[in-house]
Amino acid sequence: MGAWLGSPVALIPLLILGAVVAVLLIASGLKDFGLTFWGFQYRFVPGEPDASSWGIGVFLVGTFLTASLSLVLATALSLALAISSVVYLPPLPGRLLSMVTNLLAGIPSVVYGIWGFVVLAPYFGLTLEPSLRDVLGWLPGFGGPASDIGPWGTLLAVFVLTIMIIPLTTALMREALRSVPRDLVEAGLAVGATRWEVVRRVRLPVARNGLWSAVLLGFGRALGESVAVAMVIGGTSIALPPNLYASTTTVASFIFSQLDSALIYPNLFVLLVEFSLVLLVVAVVVNLVAQRFTRVELATATTLGGGE
Amino acid sequence: MNERNDNLVPRGSSAGSSPLVCPKCGAPVAAAGTEAPLKCGRCGTPLSAGSPRAATSPIAAASEDRGEIILAIDRLSVLARNKPLISDVSLHIPVGKVTAIIGPSGCGKTTLLRSMNRMVELHHLQVKGTVRYLGQDIYGAQVNPVLVRRRIGMVFQRPTVFPTSVFENVAFGLRLDGESEDTVEKAVVSSLRRTGLWDEVKEALDRPALTLSGGQQQRLCIARALAVSPRVLLMDEPTSSLDPVATQRVEDLIFELKSDYTVVIVTHNMQQAARVADLTAFMYQGRLVEFDTTKRVFEQPKEKLTENYITGRFG
Amino acid sequence: MKVTTGLGDELTHTSGRMRRRILFDRVIGWVLLLAFAAVFFPLFDLIGWVASYALPTMSWATLTQNQVGTGGGLYAMIWGTLVLITLGTGIAGALGISAGFYTAEFAPPAVKRIARLAGNVLAGIPAIVLGYFGYYALVLYTHWGFTTLAGGIILGVFMLPYIFRTTDIALSNVPPSQREASLALGSSRLQYLRRVAFPIAFPTIFTGVFFAMALGLGEAAPLVYTAGWSSTPVQSLMQPTSFLTGGIWAFYDFPRSFGSFLALAFQAAFLLIVIVLAINIVVQVLSDRYRRRLAGLYE
């Protein structure tokens, strides 16, 4: 009986979660989730924009495009870091590495944003993008002209997002690789496998679930990042990007950067609430799927190594 | 399988004068017999003829007359952060016999076993002294641990099956070598037959290995170790997680294996040592106390400590 | 049968394939190390650039003066950040720690599962969504307008799951033997919590609170929509306030002709990095020590 008395306190997180969802639902008035809302239309209407001028389709494409590209890069790099520090490095440098990556998890996203905007952008515009165009121009997305507004665009956003999520994915992947039973690793080595062969044939298959969940949680983080993306993605041009150098927009960064307008236009306000709801659902689904895979979790990944 | 035993005579490794020892790292240096200047194989320190020679401890020497030695452990110490786990152990393990290492828990018997195929390195322990396999220092600079473990296989306390099929578990080591499908299949079948598992799993080769019983899993691990044709099989309390029936089967298997393999088994179970081992080593607090034929160790131990342990006064 | 001579060479005499395998293992070890360069170069570049923009223009006045026109200092932002983080930590700490305690110690299994899931879902909600939630619920609905209080509350909501989960984990990880020993000696549940569980769990909870603070300090998204903006130091919780992350967001894209705005943004960024890294170093050292102690307990 006493156990149930404490339950409301234990359910504080659930209550807050419920409150967030309920308030957003009420604010949206549950209207306008029709076909036009999910459409891909985008045109600039003088005066009050509403769902008929912008469909969320464009924003979702921009969101998934930037998040998945940065995730591909981040997965490759953080898997390399994780394997290196768990398998190849001696214990002390390995621990040091994980401490440094965890430290970097704390650098605020606005700081990544201003660095991307002021420091990286000129480098991208003058050096990286022209050389990418020369070398990989034949690949879809890598050819085509630079954008009119300057070097701020999809590629810069992808790069900044990649650097931002690497600490999280590395911490989660390290934990997944470390949780492979030592017995199995030693059994692999005892049959005369090299370290790499044990990684390839024992550690990666056994840690598969944990690795997937690291990838998904990184994806959730990239999807939801608003400030840094808003700063480097090139203003608020609402368009599907013709190539990687062009500007585009994401749901989160759009919501964040449109505050001023929302104060003036009630219709835009409702649209942004609906965008928030969609973003919430997407992020929650990604997180729930990630949680199904393992016990390692987001809230404690870079401090306690996650998990219970 | 028997043909392997023909080339096991370790020429010059146990006979003749004892080898030179590197003054820096304690590795033995084979006398090359030429005028070439001698250098330590492990750390490269140049040596002169006046360098100290390995002192063969009495316990090791006593075992020299038991036939060909496949693993010669001399003055071996293993340290964790300068704290010795085993100190100054010398033990010569003869070919084609089952050698048991017994002793109370924490006496270093598992560490000793794991130093025989360089598994101790995984725990970043410091190794001093030598372990020579057929005359060659397994900790030598040119020796890769992968090759050591190919020759000196290992079975662990708990069955360590990989989460793949029965077949793929046994094929694990062979796949690494890129053997043809045909060769792999032959070797898997012969290893499974050798461990007596074939009749039990021949219908279930594609089933996940984790669905086998504990005893079957442990024999599967032995089959997996045998599939890469080692000469020595190290077993770390292989029956400690098994029920009596499964234990009996593994013990029978160990007994059969010694016609083709040299087996070293660590056990906390003295009856088991008495049942399966030809030779028994007794360790206590990181030191080797006594090493002799199992019969003598159990019936007329030379050391009081051994006697006390055997008769159950401690441990 | 042929007798092989020089028998020990079994350990050095390798087939071509074996040599390739060993070589591949070594090469891949080095290739993986390249990832360090790929990750650490940009990160050190970031810290270096921010410092090089911020330091030349920084002085004592940066910390003590208000922003005046395009110049001045960050005093209002620093003060606002301090007030906001205090509010946030207070709210998230009180709610998160008590929720964690109840979940770990008293809740029935079903409630435990739901609470933990909710905590993890909450941690995964994008900060901007929380910001919009706060904007509607605490700025518009209450007719407060932008207030420091609203900012602090939303910051608390943002920080809560981190504190909640660490508290829960810390207490759940107290070795069962300790718990049973204590209860077997006849101590009550509360005595057990106070005398046994809390001292063991404290360093981890502490870690969680500080980690959440570091994250909260670096967030702009939940605050821009709730705390608003003010160029003077905040006097009351019902006034809007400025804050360091907001300063960066407000000034980052001024053209270079307004150089001093950019300088303010970089100074704020530099301050944030220093504060957050300092907190994180403390957290890392503590949690590392705690983890090793925990490993010792279980060995």
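Predicted model only: the values in this text are computed from it and were never measured. (Residues numbered from 1 in each chain as written. Chains lettered and ligands numbered in written order. Predicted model: local features only at pLDDT ≥ 70, side-chain atom pairs only at ≥ 80, totals over all residues. Heavy atoms only, no water.)

A. Here's a closer look at the overall build of chain C. Each helix and strand counted, chain C has 11 helices and 2 strands in total. Mapped from its N terminus to its C terminus, chain C presents α and β elements in the order α-α-β-β-α-α-α-α-α-α-α-α-α. Against the compact-globule benchmark of 19 Å for 299 residues, chain C has a radius of gyration of 26 Å, which places it well outside the compact range. If you line up chain C on its principal axes, its C-alpha atoms span 95 × 65 × 35 Å. Considering chain C as a whole, with its 299 residues, one finds that 56% of them fall into the buried category. For chain C, the share of sequence-separated contacts (at least 6 apart) that also reach a separation of at least 24 residues comes to 76%. (Helix = DSSP H or I, 4+ residues; strand = E, 2+ residues; numbered from the N terminus. Rg over C-alpha atoms; globule rule 2.2 N^0.38 Å. Buried < 20%, exposed > 50% of the residue type's maximum accessible area, 1.4 Å probe, protein only. Contact = heavy atoms within 4.5 Å.)

B. Spatial organisation of the pattern of salt bridges. Using the criterion set out here, one finds 26 salt bridges over all chains in the structure. In this structure, Asp177 of chain B engages Arg21 of chain C in a salt bridge whose closest nitrogen and oxygen atoms are separated by 2.8 Å. Of the two residues, Asp177 of chain B is situated in the loop between helix 4 (166-176) and helix 5 (181-194) and Arg21 of chain C in helix 1 (residues 16-54); the pairing between them involves two chains. Under the relative-accessibility criterion, Arg21 of chain C is labelled buried at 6%. Bridged by salt links that share partners, the residues Glu197 of chain A, Arg150 and Asp177 of chain B together with Arg21 of chain C form one connected network. (Salt bridge = Lys/Arg side-chain N within 4 Å of Asp/Glu carboxyl O.)

C. A look at unusual backbone geometry. Residue and element names in this part refer to chain B. Although it is not a glycine, Asp88 adopts a positive phi angle of roughly 55°. Using a relative accessible area of 35% as the deciding quantity, one classes Asp88 as partly exposed. One non-glycine residue, Ser229, adopts positive backbone phi at about 55°. Relative to the assigned elements, Ser229 resides in the loop between helix 7 (214-227) and strand 11 (232-236). Using a relative accessible area of 31% as the deciding quantity, one classes Ser229 as partly exposed.

D. Focus on the domain arrangement of chain C. Residue and element names in this part refer to chain C. Taken domain by domain, chain C holds domain 1 (6-55) and domain 2 (59-294). Listed per partner, the contact involves 7 residues of domain 1 and 7 residues of domain 2. Interface of domain 1 and domain 2: buried area, both sides summed, is about 660 Å²; carbon and sulfur atoms make up 85% of it. A per-residue breakdown of the area domain 1 buries against domain 2 is headed by Val50, Tyr53 and Ala54, which together make up 70% of the total. Connecting domain 1 to domain 2 are 0 salt bridges. (Domains from an automatic or database assignment. Buried area = accessible area lost by both parts, 1.4 Å probe.)

E. Region of interest: the sheet that holds strand 7 (residues 98-102) of chain B. Residues and elements named next belong to chain B. Pairing in this open sheet of 6 strands is mixed, and the strands run 10-11-12-7-13-14 from one edge to the other. In the strand order of this sheet, the two ends are held by strand 10 (152-155) and strand 14 (287-293), each with one partner. Averaged over all neighbouring strand pairs, the angle between strand axes comes to 20°, with direction disregarded. Taken strand by strand, helix 8 (residues 244-257) contacts strand 7, strand 11 and strand 12 (262-266), and its axis lies near 145° from that of strand 12. (Pairing = 2+ DSSP bridges. Axes fitted to C-alpha atoms, helices over the stretch in contact; angles between N-to-C directions.)

F. Focus on the interface of chain A and chain C. The interface of chain A with chain C comprises 91 residues on the first partner and 92 residues on the second. Carbon and sulfur atoms supply 78% of the area buried between chain A and chain C, which totals about 8200 Å² over both sides. For the salt bridge of Arg21 of chain C with Glu197 of chain A, the shortest nitrogen-to-oxygen distance reads 2.5 Å. At the junction of chain A and chain C, the tally comes to 9 residue pairs in polar contact (both at pLDDT 80 or more). Of the residues contributing to the side of chain A that touches chain C, the split by class is 62 nonpolar, 21 polar and 8 charged. (Polar contact = N/O pair within 3.5 Å; in protein donor to acceptor, adjacent residues only side chain to side chain. Nonpolar A, V, L, I, M, F, W, Y, C, P; charged D, E, K, R; others polar.)

G. Structural view of the interface of chain B and chain A. Tallying the contact residues gives 22 residues for chain B and 18 residues for chain A. Buried surface at the junction of chain B and chain A, summed over both partners, amounts to about 1700 Å²; 69% is from carbon and sulfur atoms. Ranking the residues of chain B by area buried against chain A places Phe162, Phe172 and Leu176 of chain B at the top, with a combined share of 28%. Inspection of the region where chain B meets chain A yields 5 residue pairs in polar contact (both at pLDDT 80 or more).

H. Inspection of the pairing of strand 11 of chain B at higher detail. Residue and element names in this part refer to chain B. In terms of residue burial, strand 11 counts as a mostly covered element, since 5 of its 5 residues are buried. A two-sided burial pattern is seen for strand 11, the buried positions comprising Val232, Leu234 and Asp236 on one face and Leu233 and Met235 on the other. When strand 11 meets strand 12, the two strands line up parallel, connected through 5 bridges. When the bridges of strand 12 are listed, Leu234 appears paired with Val264.

I. Examining the pairing of strand 6 (residues 83-94) of chain B more closely. All names here are of chain B. Here strand 5 (residues 69-80) runs beside strand 6; their pairing, made up of 8 bridges, is antiparallel. Bridge assignment links Leu79 to a residue of strand 6, and that residue is Pro84. Hairpin connection between strand 5 and strand 6: a loop of 2 residues separates the two successive antiparallel strands, and Arg81 in this loop has a positive phi of roughly 45°.

J. Fine view of the packing of aromatic side chains. With the rule as written, the count across this model stands at 34 aromatic pairs over all chains. Judged by centre distance (5.5 Å) and plane angle (65°), the rings of Phe124 of chain A and Phe159 of chain A are edge-to-face. One end of the pair, Phe124 of chain A, is in helix 6 (residues 109-136); the other, Phe159 of chain A, is in helix 7 (residues 154-178), and 35 residues separate them in sequence. Seen from their ring centres, Tyr132 of chain C and Tyr225 of chain C are 5.0 Å apart, and the 40° between their planes marks the pair as tilted. Taken together, the positions of Tyr132 of chain C in helix 5 (residues 127-140) and Tyr225 of chain C in the loop between helix 9 (221-224) and helix 10 (244-251) put the pair 93 residues apart, joining distant regions of the chain. With relative accessibility at 0%, the residue Tyr132 of chain C sits in the buried group. Residue class for Tyr225 of chain C comes out buried when judged on its relative accessible area of 0%. These aromatic residues form a ring-pair network of at least three members: Phe269 of chain A together with Tyr132, Tyr135, Tyr136, Phe146 and Tyr225 of chain C. Directly above the ring of Tyr245 of chain A sits Arg133 of chain A, whose terminal nitrogen or CZ lies 4.6 Å from the centroid. (Phe/Tyr/Trp six-rings, centres within 6.5 Å; stacked < 30°, edge-to-face > 60°. Lys NZ or Arg CZ within 6 Å of the ring centre and 35° of its normal.)

K. Broad picture of the environment of Leu79 of chain B. All names here are of chain B. Following the sequence through the fold, Leu79 ends up in strand 5. Measuring from C-alpha to C-alpha, the distance between Leu79 and Leu125 comes to 5.7 Å, with 46 residues separating the pair along the chain. Excluding anything up to four places from it in sequence, Leu79 contacts Pro84, Leu85, Leu125, Gln126 and Lys128.

L. Structural detail: a nonpolar patch on the surface. Residues and elements named next belong to chain A. There is a patch of nonpolar side chains on the surface, built from Trp212, Val281, Val285, Val289 and Phe293 and spanning about 440 Å² of accessible area. Counting residues per element, the nonpolar patch draws most heavily on helix 14 (residues 266-293), at 4 residues. Its location among the elements puts Val281 in helix 14. We classify Val281 as partly exposed; its relative accessible area is 48%. (Patch = residues over 30% accessible without salt bridge, like charges linked within 9 Å, V, L, I, M, F, W, Y side chains within 5 Å. Areas by Shrake-Rupley, 256 points an atom, 1.4 Å probe, with all protein chains shown as cover.)

M. Structural context of the confidence of the model for chain C. Residue and element names in this part refer to chain C. Scored by pLDDT, chain C has a mean of 86; 93% of the residues are at 70 or more. Here residues 1-6 is a poorly scored stretch, pLDDT under 50, and it has 8 contacts once near neighbours within four places are set aside; other chains count. Scoring the predicted complex yields pTM 0.85 and, for the interface, ipTM 0.89. (pLDDT = per-residue confidence, 0-100.)

N. Local environment of a positive patch on the surface. A surface patch of positive charge is lined by Arg200 and Arg201 of chain A together with Arg17, Arg19 and Arg20 of chain C. Every element with two or more residues in the positive patch is listed here: helix 9 (195-206) of chain A together with helix 1 of chain C. Residue contributions to the positive patch peak at 3 residues, all from helix 1 of chain C. Along the chain, the position of Arg17 of chain C falls in helix 1. (Lys, Arg positive; Asp, Glu negative; His and termini not counted. Charge placed at Lys NZ, Arg CZ, Asp CG, Glu CD.)

O. Spatial organisation of the nonpolar core. Leu91, Leu112 and Met116 of chain B are the most contacted members of the largest nonpolar core, which has 245 residues in total. Top contributing element to this core by residue count: helix 11 (residues 259-298) of chain C, with 15 residues. Counting only domains with at least three residues in this core, you end up with domain 1 (6-55) and domain 2 (59-294) of chain C. In this structure, Val98, Met235, Val276 and Val289 of chain B belong to the second largest nonpolar core, which totals 27 residues. (Core = buried A, V, L, I, M, F, W, Y, C linked by side-chain atoms within 4.5 Å.)

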